[in-house]
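Chain residues, written in single-letter form:
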Amino acid sequence: MIVLELAVPVPLNKTFYYLPPENLNPKNIVGKRVKAQFGKRTLTAYVISCLDVENTDDLKLKRIIEVEDNDSLITEETVEIANYISKNYVCSLGEALASMIPVSMKLPKRIPKNKIADGEEICENHILNAQQTNAVNLINKNLKKKIYNAFLLYGITASGKTEVYINAVECALKQNRSTIMLFPEISLTTQFVDIMTKRFGTNIGVWHSGISNVEKYSLFSKAKNGGIKIMIGARSAVFAPFENLGLIIVDEEHERAYKQDKKPSYDAREIAKQRGVYHNAVVVLGSATPSLESYKDAIENKLNLIELSERIHKRDLPEVKVLTSKNGTFQTGVLFSETIEAVSKALSRREQVIVFLNRRGYSPVIMCRKCGSVYQCPNCSISMVFHRNPDMLKCHYCGEIKNLSATCSKCKNKDMTVFGTGTQKVENELKKLFKNAKIFRLDGDTASSKGNYEKAYNGMKNEEYDILIGTQMIAKGFDFPRVSLVCVIDADTSLYLPDFKSVEKTFQLITQVAGRSGRGDMRGSVIVQTSHPQHYAIECAKNHDFVSFYKTEIEERKRLFYPPYCDLAKISIRNKEEKRAEEDSEKLFSFLESTAKICKLNLKLLGPVSAYIAKINNVYRKYIIIKGDRGNILELARLLEDFKQSSGTFIGIEIMPSDLI
Ligand code: ADP
Ligand code: ZN
């Protein structure tokens with residue numbers, strides 16, 4: 001009797017057997033998504049094999065309800081990668097498959113006719129400089145040999161990394177092999193789709209969370225059957241099912257967006273390397289501020305280091321001025337007088353300005369004038385943020401909205417005041433100071449409305465805007481040649497967060513945003529407003545000195561025993577009742593401690609501690625941190641199944657988390 005083996009996206013570490021629909025050839029269902037009754041629910045699952053079994057008397061098998069796909073979506077490689085994810089990030093095969101082949105992806109009702117491809121808009125390539133030529137040669141040599149190799153392309157801002165990527169893509173295309181290009185933000189995808197379409201015509205797919213389920217299906221099948229050759233996208237584009245993959249490029253490889261924060265917490269860079277090995281393909285990780293772990297790998301020859309140490313046309317890196325309010329003059333607003341002067345000069349020369357502040361809203365703190373207590377979200381243990389137009393208080397974690405006439409929850413006083421600075425306040429101040437300037441703000445609030453990314457990008461590119469204000473989404477990648485001034489307001493927002501990566505993140509952000517300045521013919525400059533001018537993250541960013549930063553920071557990691565000197569797992573324990581969350585996290589800690597001891601796992605356990613924001617949306621959050629090597633961590637993580645928590649407690653595990661907050 002023929003049965004189908006299903007991987008079901010539930011947290012159970014096994015596969016399940018079902019009968020095929022009566023009138024279909026079971027062999028033709030393998031690799032497709034199907035609907036099946038699972039307990040009381042109907043779920044979408046993945047058929048991974050078809051077996052002939054003899055004794056089925058005591059197997060009361062259900063029949064699958066419906067086959068969802070016309071064609072098989074799963075290849076041998078898919079199963080291999082899914083198994084890798086399942087093993088290395090502790091999830092079931094079905095859960096792994098669900099992050100590779102979205103359950104929600106939908107077949108179009110009618111199959112659209114293939115559009116005739118537009119004539120390729122041939123765009124002339126730049127003549128590569130010596131460093132770019134060297135980089136391209138190294139990469140393409142490996143492409144041509146068809147052997148796996150992984151590179152770290154460490155190229156300073158505006159050193160022309162894109163051009164190197166494009167030349168490698170061309171080489172892959174010549175061999176009739178496909179390319180995946182990953183970017184950390186949709187905003188950057190826009191810019192590259194623009195560049196790539198000009199070079200390569202309509203051979204390109206764009207994959208990110210914003211596209212529809214039908215579009216996703218169509219892209220997925222085109223990638224699978226060769227209808228497109230290049231997939232540009234965010235993290236999950238790493239799974240684009242090319243069968244003849246030659247090249248995977250991960251731009252801004254240091255970005256934590258490459259790490260999925262929900263289960264399975266895979267790292268797209270790691271998947272890229274796995275797929276590279278499978279296809280004998282070349283992987284290029286690019287950045288002006290490589291992650292400590294990748295740079296360490298490069299020094300230890302686990303990655304091939306390629307450096308681009310000069311800007312295009314040997315342009316100078318921008319001069320960075322660090323200002324602090326102590327040595328500044330008296331100031332009433334957010335912007336120091338020297339900053340205002342610099343903006344004014346740039347505008348009078350008809351140059352563009354970028355103003356960066358990593359905090360959206362108007363003011364992040366609302367305080368009672370009488371008793372001084374901070375107005376917190378009723379559902380979360382964090383201050384609400386004051387927003388203008390329309391005026392309201394907003395929680396950035398649960399979305400709670402209150403009107404402005406908030407009453408102090410401690411003393412019932414109605415006289416509240418706001419403190420601190422967000423992007424809206426900066427926008428307001430700039431609008432007052434520079435009445436004729438065209439100003440655009442791009443942050444989590446404005447970016448949510450469709451088309452605003454494109455508006456910001458095109459508006460800056462076509463010089464319709466004079467000033468672009470924004471959060472981290474404007475900090476990297478953008479190439480606007482008329483930007484000659486970048487202002488960083490309050491560079492310290494991320495410096496003292498209780499996380500082992502906060503210093504690294506601050507250095508990367510400042511270096512990246514500074515790198516937006518002076519990319520064209522004018523010499524660029526940067527102003528950094530900070531209250532910690534002496535901090536090495538800021539000093540090194542000022543001097544454009546990644547290597548010194550690396551040397552200092554890597555010593556800190558070694559001293560404190562943090563990655564890349566150990567591997568990590570973060571276990572979260574959540575419950576709506578504070579007491580339960582506390583009790584369960586204590587119990588779990590003892591369980592882990594004794595299990596590690598019994599199994600002789602050399603691990604260090606920390607905690608349990610409350611998360612940095614101890615309560616979000618009325619759920620209390622605790623953490624236990626495991627330090628050690630990955631093998632031991634995974635062994636312990638797999639035994640987590642044996643722990644019985646109380647009802648209502650959620651326990652999640654993140655392997656190699658990108659932060660501990
Ligand atoms: P990066 O990604 O390293 O910050 P980009 O790839 O955006 O830098 O390149 C910076 C600018 O230099 C872009 O406008 C690009 O078109 C231009 N450029 C790149 N390579 C060359 C070259 N060989 N000759 C002239 N201009 C170049
Ligand atoms: Zn809230």
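No experiment lies behind these values; they were computed from the predicted model shown. (Residues numbered from 1 in each chain as written. Chains lettered and ligands numbered in written order. Predicted model: local features only at pLDDT ≥ 70, side-chain atom pairs only at ≥ 80, totals over all residues. Heavy atoms only, no water.)

Novice: Go over the overall build of the protein, please, and point to the residues and values.
Specialist: For the protein, the helix and strand inventory stands at 16 helices and 27 strands. Overall, the protein is about 85 × 65 × 50 Å in size when its C-alpha atoms are taken along their principal axes. Across the 661 residues of the protein, 54% fall into the buried class. Of the roughly 30,300 Å² of accessible surface on the protein, 49% is carried by carbon and sulfur atoms. (Helix = DSSP H or I, 4+ residues; strand = E, 2+ residues; numbered from the N terminus. Buried < 20%, exposed > 50% of the residue type's maximum accessible area, 1.4 Å probe, protein only. Areas by Shrake-Rupley, 256 points an atom, 1.4 Å probe, with all protein chains shown as cover.)

Novice: Help me get a handle on helix α3 (residues 130-145), residues and values and all.
Specialist: Compared with the 22 Å implied by 1.5 Å per residue over 16 residues, the 23 Å span of α3 between its first and last C-alpha is a close match. Buried within α3 are the following residues: Q132, A135, V136, I139, N140, N142 and L143. Relative to the axis of α3, the buried residues are bounded by an arc of 155° and lie together on one face. The outward face of α3, more than 90 degrees from its buried face, is lined by the exposed residues A130, K144 and K145. Capping the start of α3, N129 holds a side-chain oxygen 3.2 Å from the backbone nitrogen of Q131, two or three residues further along. Positive backbone phi, approximately 55°, marks K146, located one or two places after α3. (Expected span 1.5 Å × (residues − 1). Arc of directions from axis to C-beta. Polar contact = N/O pair within 3.5 Å; in protein donor to acceptor, adjacent residues only side chain to side chain.)

Novice: Before we move on, can you summarise the domain arrangement of the protein with the specific residues and values?
Specialist: Entries for the protein in the domain assignment read domain 1 (2-100), domain 2 (130-312), domain 3 (315-361 + 421-559) and domain 4 (567-655). Using only C-alpha atoms to locate each centre, domain 1 and domain 4 end up separated by 31 Å. Taken together, the five residues of domain 1 in the interface contact seven residues of domain 4. Here domain 1 meets domain 4 over a buried area of about 560 Å², counting both sides, of which 50% is carbon and sulfur. Along the contact surface separating domain 1 from domain 4 lie two residue pairs in polar contact (both at pLDDT 80 or more). In the side of domain 1 that touches domain 4, the residues fall into two nonpolar, two polar and one charged. (Domains from an automatic or database assignment. Contact = heavy atoms within 4.5 Å. Buried area = accessible area lost by both parts, 1.4 Å probe. Nonpolar A, V, L, I, M, F, W, Y, C, P; charged D, E, K, R; others polar.)

Novice: Describe the site of ligand 1, listing the residues and the values that go with them.
Specialist: Taken together, 17 residues form the shell around ligand 1, and within it I127, Q132, A158, T162 and D479 come nearest. Between ligand 1 and I127 there is a distance of 2.8 Å, counted from a nitrogen atom to a backbone nitrogen or oxygen. A distance of 3.2 Å separates an oxygen atom of ligand 1 from a polar backbone atom of S159. It is helix α4 (residues 161-174) that provides the largest number of residues to the shell around ligand 1, a total of three residues. Looking at the shell around ligand 1, its residues break down into five nonpolar, eight polar and four charged. (Near = heavy atom within 4 Å.)

Novice: Go over the sheet that holds strand β24 (residues 567-575) with me, naming the residues and quoting the values.
Specialist: The strand order across the open sheet built from four strands is β25-β26-β24-β27, with neighbouring strands paired in antiparallel fashion. Of all strands in the sheet, those bounded by a partner on one side alone are β25 (604-616) and β27 (650-655). Each neighbouring strand pair of the sheet contributes to a mean axis angle of 20°, computed without reference to strand direction. Pairing of β24 with β27, which is carried by six bridges, proceeds in the antiparallel orientation. Of the residues in β27, the one forming a bridge with K570 is E654. (Pairing = 2+ DSSP bridges. Axes fitted to C-alpha atoms, helices over the stretch in contact; angles between N-to-C directions.)

Novice: Help me get a handle on the pairing of strand β23 (residues 525-529), residues and values and all.
Specialist: The element β23 is extensively covered by neighbouring structure, given that four of its five residues are classed as buried. Of the pairings in the sheet, the one linking strand β13 (residues 319-323) to β23 comprises five bridges and is parallel in character. In the sheet register, L323 faces β23, and the bridge partner there is Q529. Inspection of the sheet shows strand β22 (residues 483-488) paired to β23 by four bridges, in the parallel sense.

Novice: Explain unusual backbone geometry residue by residue, including any values.
Specialist: The peptide bond linking K263 to P264 adopts the cis configuration, its omega dihedral lying at -10°. Considering the arrangement of structural elements, one finds P264 in the loop between β10 (245-251) and α7 (268-279). Of the consecutive residues P563 and P564, the connecting peptide bond is found in the cis state with omega at 5°. Note that P564 resides in the loop between α14 (546-560) and β24. Look at N618: it is not a glycine, yet its phi comes out positive at around 65°. Within the secondary structure, N618 is located in the loop between β25 and β26 (619-628). Located in the positive-phi region is M656, a residue other than glycine, with phi close to 50°.

Novice: With reference to specific residues and values, describe the coordination of the zinc ion (ligand 2).
Specialist: Binding of the zinc ion (ligand 2) to the protein goes through C377 (SG), C380 (SG), C395 (SG) and C398 (SG), at separations of 2.3 Å. Each of the four donor atoms bound to the zinc ion (ligand 2) contributes to angles spanning 106 to 114°, and the resulting shape is tetrahedral. Site description for the zinc ion (ligand 2): donor spacing in sequence, C-x2-C-x14-C-x2-C. Here C380 is found in the loop between β15 (365-368) and β16 (385-387), whereas its partner C398 is found in the loop between β17 (392-394) and β18 (401-402), with 18 residues between them in sequence. Using a relative accessible area of 1% as the deciding quantity, one classes C380 as buried. (Donors = N, O, S within 2.8 Å, 3.2 Å for Na, K, Ca; no water. Tetrahedral: all angles 85-135°; square planar, octahedral: opposite > 155°, others 65-115°.)

Novice: Help me get a handle on the environment of D71, residues and values and all.
Specialist: Mapped onto the fold, D71 is located in the loop between β5 (66-67) and α1 (76-89). Distance in space between the C-alpha atoms of D71 and I29 is 8.4 Å, their sequence separation being 42 residues. Among all residues touching D71, those that are not within four sequence positions of it are K32 and Y217.

Novice: If you had to explain the sheet that holds β17 to someone new, which residues and values would you point to?
Specialist: Strand order across the open sheet formed by three strands is β16-β17-β18, with antiparallel pairing between neighbours. Edge positions in the open sheet fall to β16 and β18, since each of these has one partner strand only. In terms of strand pairing, β16 meets β17 through three bridges, oriented antiparallel. Among the inter-strand pairings, F386 is bridged to a residue of β17, identified as L393.

Novice: Tell me about the packing of aromatic side chains, and name the residues and values.
Specialist: This structure, assessed with the given rule, holds 18 aromatic pairs. Seen in terms of ring centroids, F546 and Y550 are 6.3 Å apart; in terms of plane orientation they differ by 35°. Their pairing is tilted. Residue F546 and its partner Y550 are both found in helix α14; the two are separated by four residues, about one turn of the helix. One exposure class covers both F546 and Y550, and it is buried. An angle of 55° between the planes, with centres 5.4 Å apart, marks the rings of F591 and F643 as tilted. Of this pair, F591 sits in helix α15 (residues 578-598) while F643 sits in the loop between α16 (630-638) and β27; the two residues are 52 residues apart in sequence, bridging distant segments of the chain. For F643, a relative accessible area of 8% puts it in the buried group. (Phe/Tyr/Trp six-rings, centres within 6.5 Å; stacked < 30°, edge-to-face > 60°.)

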